[in-house]
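Report on the structure
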Protein chains: 2
Amino acid sequence: MSLTRVHNFAVSLDGFGTGEGQNAADHFGHAGDRLHQWMFATRWWEPGGSGGVDDAFVRQYDRGIGAEIMGAGKFGHPGWHEDPDWKGAWGPNPPFHTPVFVLTRHTRPPIEMEGGTTFHFIDASPAEALATAREAAGGEDVRVGGGATTLREFLAAGLIDHLHVAVVPILLGRGVRLWDGLEGLERDYRVETVSAPSGVTHLTFTRANA
Amino acid sequence: MSLTRVHNFAVSLDGFGTGEGQNAADHFGHAGDRLHQWMFATRWWEPGGSGGVDDAFVRQYDRGIGAEIMGAGKFGHPGWHEDPDWKGAWGPNPPFHTPVFVLTRHTRPPIEMEGGTTFHFIDASPAEALATAREAAGGEDVRVGGGATTLREFLAAGLIDHLHVAVVPILLGRGVRLWDGLEGLERDYRVETVSAPSGVTHLTFTRANA
């Protein structure tokens, strides 16, 4: 069974998945890299890093994934669609290595990158996008990569089978919230929490029948 | 040195310290008792309960406390001030056993209860209320008991030395938020997180110089 999964989605204690003021230099706005320092401190990111619970979670990211779906706000800062040369912020060899479906009203031809990543631009509902990505995944799982707005829409539509959120103990105060409008979400899932020595708390929501 | 402390303040994953629709029967509105089940499962609450990390935290509640400050919304449901006989929802022997300062514009004479609790009703700013409670505490610490609005005001004013919040892995979706408007709060504190087998994550913010 092909599942729909979310990994390493970081939010602040007050629930923001990104800060305010996103632009080409600051992909997470005023949050800077504070939501993701725990990932950079693992040995998945660089040798000599921590090899504990943060590392174990972060390595689930690409295991068995055949396609990713991301929102337009993850693919680029506001206005990227006006730049015909914009290919995302990940360089020539992005870390996806699968087809990636970017949800946008500003569709354009696919962009083939090095390392197996191809960006496809589709104007579709979450359910439609998932059907498309599922087919492209060839029996493997589909990852929903965020950002917060996109992830919230997929959660609200009941489309996520496995959700991993890393809560970082900082208060951003402003930005885009993940949890809004999801009252009672936990009822459909088995929920586990574990805090790491880094201060991050890992939450997993796993659908009971998945 | 007399500190200002907060203990066992429970919030949902989406940051609500109480639900919507508070009334005389439902003190936490639609949240019911879901924010506090972890406390009821400890052996502090009843014999045979759990004796682990939840229990260790919950027992810090009254250690060295000489007075409590609470908001009007904790003392009673909206409109309690129109009931001259309202004495809080804790019965004849409330669990405070110290002077308790209720912040309200609707002041009334003090009410002496069994067991050492006396409710005082004061119309004061957080700093003024703290000075009053500090004096009444006779050298011991002052606890700020909530609700969410009151606690947020004390945090914004920089008046809290030790904050213990229990994050319960449910999504309430609506109610009163604790974390709003507190951007960067963590910078003034040493922050620790630990998750319990109950699923609750305990956060402590301890002021570096306290």
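Located above this text is the structure these notes cover.
Residues numbered from 1 in each chain as written. Chains lettered and ligands numbered in written order. Predicted model: local features only at pLDDT ≥ 70, side-chain atom pairs only at ≥ 80, totals over all residues.

Let's talk about the overall build of chain A
Looking only at helices and strands, chain A has five helices and 11 strands in total. Computed over its C-alpha atoms, the radius of gyration of chain A comes to 16 Å, within 12% of the 17 Å expected for a compact globule of 210 residues. Seen through its C-alpha atoms, chain A measures out along the principal axes to roughly 45 × 40 × 35 Å. Taking all 210 residues of chain A together, the buried fraction comes to 41%. At a minimum sequence separation of 6, the contacts of chain A that also span at least 24 residues come to 66%. (Helix = DSSP H or I, 4+ residues; strand = E, 2+ residues; numbered from the N terminus. Rg over C-alpha atoms; globule rule 2.2 N^0.38 Å. Buried ≥ 20, exposed ≤ 12 C-beta atoms within 10 Å, placed from the backbone. Contact = placed C-beta atoms within 7 Å.)

Focus: the interface of chain A and chain B
Taken residue by residue, the interface counts 23 residues in chain A and 23 residues in chain B. The set of elements that each furnish at least two residues to the side of chain A that touches chain B consists of β10 (189-195) and β11 (201-207) of chain A. With four residues, β10(A) is the largest single contributor of residues to the side of chain A that touches chain B. Of the residues belonging to the side of chain A that touches chain B, the class tally is 11 nonpolar, eight polar and four charged. (Nonpolar A, V, L, I, M, F, W, Y, C, P; charged D, E, K, R; others polar.)

What to know about the environment of B:V200
Residue and element names in this part refer to chain B. Position of V200 relative to the elements: it lies in the loop between β10 (189-195) and β11 (201-207). Counting along the chain gives 22 residues from V200 to L178, while the straight-line C-alpha distance between them is 17 Å. In this structure, V200 is in contact with W38, D54, A166, V167 and V168, ignoring residues within four places of it in sequence.

Details of the sheet that holds β10(B)
The strands making up a sheet associate through backbone hydrogen bonding, with each pair oriented either parallel or antiparallel. All names here are of chain B. If you walk across this open sheet you meet the nine strands as β5-β6-β4-β3-β7-β1-β8-β11-β10, and the pairing is mixed. Strands with a single pairing partner mark the edges of an open sheet, and in this sheet they are β5 (111-112) and β10. Contacts from helix α4 (residues 126-136) reach β1 (4-12), β3 (65-71), β4 (99-103), β6 (118-122) and β7 (141-144), with the element oriented near 150° to β3. (Pairing = 2+ DSSP bridges. Axes fitted to C-alpha atoms, helices over the stretch in contact; angles between N-to-C directions.)

Let's talk about the sheet that holds strand β1 (residues 4-12) of chain A
Residues and elements named next belong to chain A. Taken together, nine strands build an open sheet; the order of strands is β5-β6-β4-β3-β7-β1-β8-β11-β10 and the sheet is mixed. Looking at strand neighbours, the two that pair on one side only are β5 (111-112) and β10, the edges of this open sheet. Looking at chain direction, strand β3 (residues 65-71) and strand β7 (residues 141-144) are connected through four bridges and run parallel. Across the sheet, A67 pairs through a bridge with V142, a residue of β7. Across the sheet, helix α4 (residues 126-136) touches β1, β3, β4 (99-103), β6 (118-122) and β7, and the angle it forms with β3 is around 150°.

Points about the pairing of β4(A)
Residue and element names in this part refer to chain A. Most of β4 is tucked away: five of the five residues are buried. Residues P99, F101 and L103 point to one face of β4 and V100 and V102 to the other, with burial holding for every one of them. Where β3 meets β4, four bridges bridge the pair, whose relative direction is parallel. Paired with I69 across the two strands is F101, which belongs to β4.

Digging into the relation of the copies chain A and chain B
Least-squares fitting of chain A to chain B yields an RMSD of 0.0 Å, with the transformation described by 0.0 Å of translation along the axis and a rotation of 180°. Taken together, the rotation and translation relating the two chain copies correspond to the operation of a two-fold axis. Rotation axis and chain A: the residue whose C-alpha lies nearest the axis is A:S195, separated from it by 2.7 Å. In this assembly the copies share their binding face: 100% of the residues contributing to the interface of chain A also contribute to that of chain B. (Least-squares fit on C-alpha atoms with pLDDT ≥ 70 in both.)

Quick look at the nonpolar core
Of all hydrophobic cores here, the largest spans 99 residues; its most connected members are A:I69 and B:I69. With sequence-adjacent residues up to four places away left out, A:I69 is seen in contact with A:F101, A:L103, A:A129, A:L130, A:A133, A:V142, A:V144 and A:G145. (Core = buried A, V, L, I, M, F, W, Y, C linked by C-beta atoms within 7 Å.)

What to know about α4(B)
Residues and elements named next belong to chain B. Inspection of α4 places P126, A129, L130 and A133 among the buried residues, and these make up the whole buried set. Each buried residue of α4 sits inside an arc of 100° when the element is viewed along its axis, so together they form one side. Those residues of α4 that are exposed and angled more than 90 degrees off the buried face are A127 and E128. Buried residues belonging to α4 abut β1, β3, β4, β6, β7 and α5 (148-156). (Arc of directions from axis to C-beta.)

Description of helix α5 (residues 148-156) of chain A
The set of residues buried in α5(A) consists of A:A148, A:T150, A:L151, A:R152, A:F154 and A:L155. One or two residues past the end of α5(A) sits A:G158, with phi positive at roughly 70°.

A short note on unusual backbone geometry
Residues and elements named next belong to chain A. Of the consecutive residues G146 and G147, the connecting peptide bond is found in the cis state with omega at 0°. The topology assignment puts G147 in the loop between β7 and α5. Of note, H97 is a non-glycine position whose phi angle comes to about 60°, a positive value. Position of H97 among the secondary structure elements: in the loop between α3 (72-75) and β4. You can call H97 partly exposed: it has 16 C-beta atoms within 10 Å.

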